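Coordinate inspection notes
Residues per chain are reported as follows:
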Amino acid sequence: MALAVDLSDVEKTYGGRVRALRGVSVQVNEGEVFGFLGPNGAGKSTLVKIMMTVARATKLSGTILGAPVGHKPTLARVGYLPEHHRFPKYLTGRQVVEFFGALAGMERAARKRRASHLLDMVRMEDWADRKVGTYSKGMQQRVGLAASLVNDPRLIVLDEPTDGVDPVGRREIRDMLIQMRNEGRTVFLNSHLLSEVEQVCNRVAILVQGRVVAQGTIDELTAASRRFEIAIEGEPPAWWEPLGRVTRERAPGQGLDAAPSASRLVLLRTEANGGQASIDRLRAEGRTILFAATVRESLEDLFIRAVADPTTGVVSAPGATIGGVS
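Every chain begins its residue count from 1, and numbering advances along the sequence as written. Local features in this predicted model are restricted to residues of pLDDT 70 or higher, and side-chain atom pairs are both shown and tallied only at a pLDDT of 80 or more, whereas totals for entire chains, interfaces and linings draw on every residue. As a convention, hydrogens and water are excluded, and side-chain values are obtained from all of the structure's heavy atoms.

**Here's the deal with the sheet that holds strand S1 (residues 3-14)**
Hydrogen bonding along the main chain pairs the strands of a sheet, whether they run parallel or antiparallel. Taken in spatial order, the four strands of this open sheet run S2-S1-S4-S5, and their pairing is antiparallel. The outermost strands of the open sheet, each flanked by one partner alone, are strand S2 (18-29) and strand S5 (67-68). Direction of pairing for strand S4 (residues 59-64) relative to S5: antiparallel, over a ladder of two bridges. Note on S5: the bridge partner recorded for Thr 63 is Pro 68. Sitting on the sheet, helix H1 (residues 44-51) touches S1, S2 and S4, and the angle it makes with S1 is about 115°. Strands pair, by our definition, only if DSSP identifies at least two bridges between them. A run of H or I in DSSP becomes a helix once it reaches four residues, and a run of E becomes a strand once it reaches two; helices and strands are each numbered from the N terminus. Throughout, a contact is declared for two residues whenever any of their heavy atoms are within 4.5 Å. For helices, the axis comes from a line fit to the C-alpha atoms of the stretch in contact; other axes are also lines fit to C-alpha atoms, and the angle between any two N-to-C directions lies between 0 and 180 degrees.

**With respect to the side chain of His 85**
Looking at the secondary structure, you find His 85 in the loop between strand S6 (78-81) and helix H3 (93-103). Judged by relative accessible area, His 85 falls into the buried class, the value being 7%. Side chain to side chain, His 85 and Gln 141 meet in a polar contact 2.7 Å long. What His 85 contacts, discounting residues up to four positions off in sequence, is Gln 140, Gln 141 and Gly 144. Only protein chains enter the area calculation, which uses a 1.4 Å probe; residues under 20% of their type maximum are buried, those over 50% are exposed, and those in between are partly exposed. Nitrogen and oxygen atoms within 3.5 Å of one another constitute a polar contact, given that in protein one can donate a hydrogen and the other can accept it, and given that sequence-neighbouring residues count only through two side-chain atoms.

**Quick notes on the sheet that holds strand S12 (residues 244-249)**
Here four strands make up an open sheet; going across it, the order is S12-S13-S11-S14 and the pairing antiparallel. Either end of the sheet is taken by a strand with one partner, and the two such strands are S12 and strand S14 (289-295). Direction aside, neighbouring strands of the sheet carry axes that sit 15° apart on average. Of the pairings in the sheet, the one linking strand S11 (residues 227-233) to strand S13 (residues 262-267) comprises six bridges and is antiparallel in character.

**Brief notes about the layout of surface pockets**
Where empty space is left can be seen by rolling a probe of water-molecule size over the atoms. Cavity: a set of points on a 1 Å grid over the protein atoms alone where a 1.4 Å probe fits but cannot get out. Pocket: an open set with protein on both sides within 12 Å along at least five of seven lines, its lining residues, like those of a cavity, having an atom within 4 Å of a point. Grid points are joined across faces, edges and corners, and a volume is the space filled by probe spheres set on the points. Considering only enclosed or pocket space, the largest pocket measures out at about 310 Å³ in volume. Taken together, 15 residues form the lining of the largest pocket, with Leu 75, Val 78, Phe 100, Ala 104 and Asn 151 sitting closest to its centre. For the lining of the largest pocket, the secondary-structure elements that each account for two or more residues are S6, H3 and helix H5 (137-149). Three categories are distinguished: nonpolar for Ala, Val, Leu, Ile, Met, Phe, Trp, Tyr, Cys and Pro, charged for Asp, Glu, Lys and Arg, and polar for the others, with Gly belonging to the last. For the lining of the largest pocket, the residue count by class is eleven nonpolar, four polar and no charged. By volume, the second largest pocket amounts to about 160 Å³.

Right, dumping it as structure tokens:
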């Protein structure tokens, strides 16, 4: 599969002392939504700025859409929404989008048609001819997203696109990201909203202290945590002990002094047959099964684990790229 972004050993040092990026390598396939995650100060926006030539890398090797980073004709096929962007307050939303179209070299008639279409798509058609100074933060984000798409880009780089957007707006933007992917576009998404990233991204990378500590699909990165859980009423069976672990649970609404009324049986093996055999045996004993499912840690769990232990990084899984942080 062709790579839309292929960066290797990217380094950025400020003032000769502060190392913002320490040998970052990121590969993004064409036609996927790629999530770039990390805590504040990890260097996410720095890498995005280097990709867009807003900042200059101390060391850089790689390509964007098959061309060297900074190749101007290639940058014309890239859409970009920076974090904390600012538009002139005296311009209308329509004028902002058309202005970005002009910067991309679009003909006037084409950029006018494109601006109207995009403002409608981001639900700003009723506000299109009002000045940006009257917009809320979420409305400015919507106009910014429209501006990033005006040149019909193959690659869209979005730095915190849902910042300040209400829940309805976030869902609409999430649907737009899926639509972009369905159209064959590539989206590089820098976001701290992990639940949303988990819903739309094909693959993710986690940046901690200027290094990528995990890169791969969410299934690959969480494979080591996958387990089968069965919740039953009452005490656990004696035969379960060698198979896995048990946690005792109280029914909702019961106080801390109440005795546990259910048992959660965690099968340490992930094979489906092991779980099915256990369910069959529990049913044969007349047990009431409350819940049974294959469970894995969430992207949030994975992220917290990576950030909490930057020395060792994330536990490796087959197919995932993992590295430690020093």
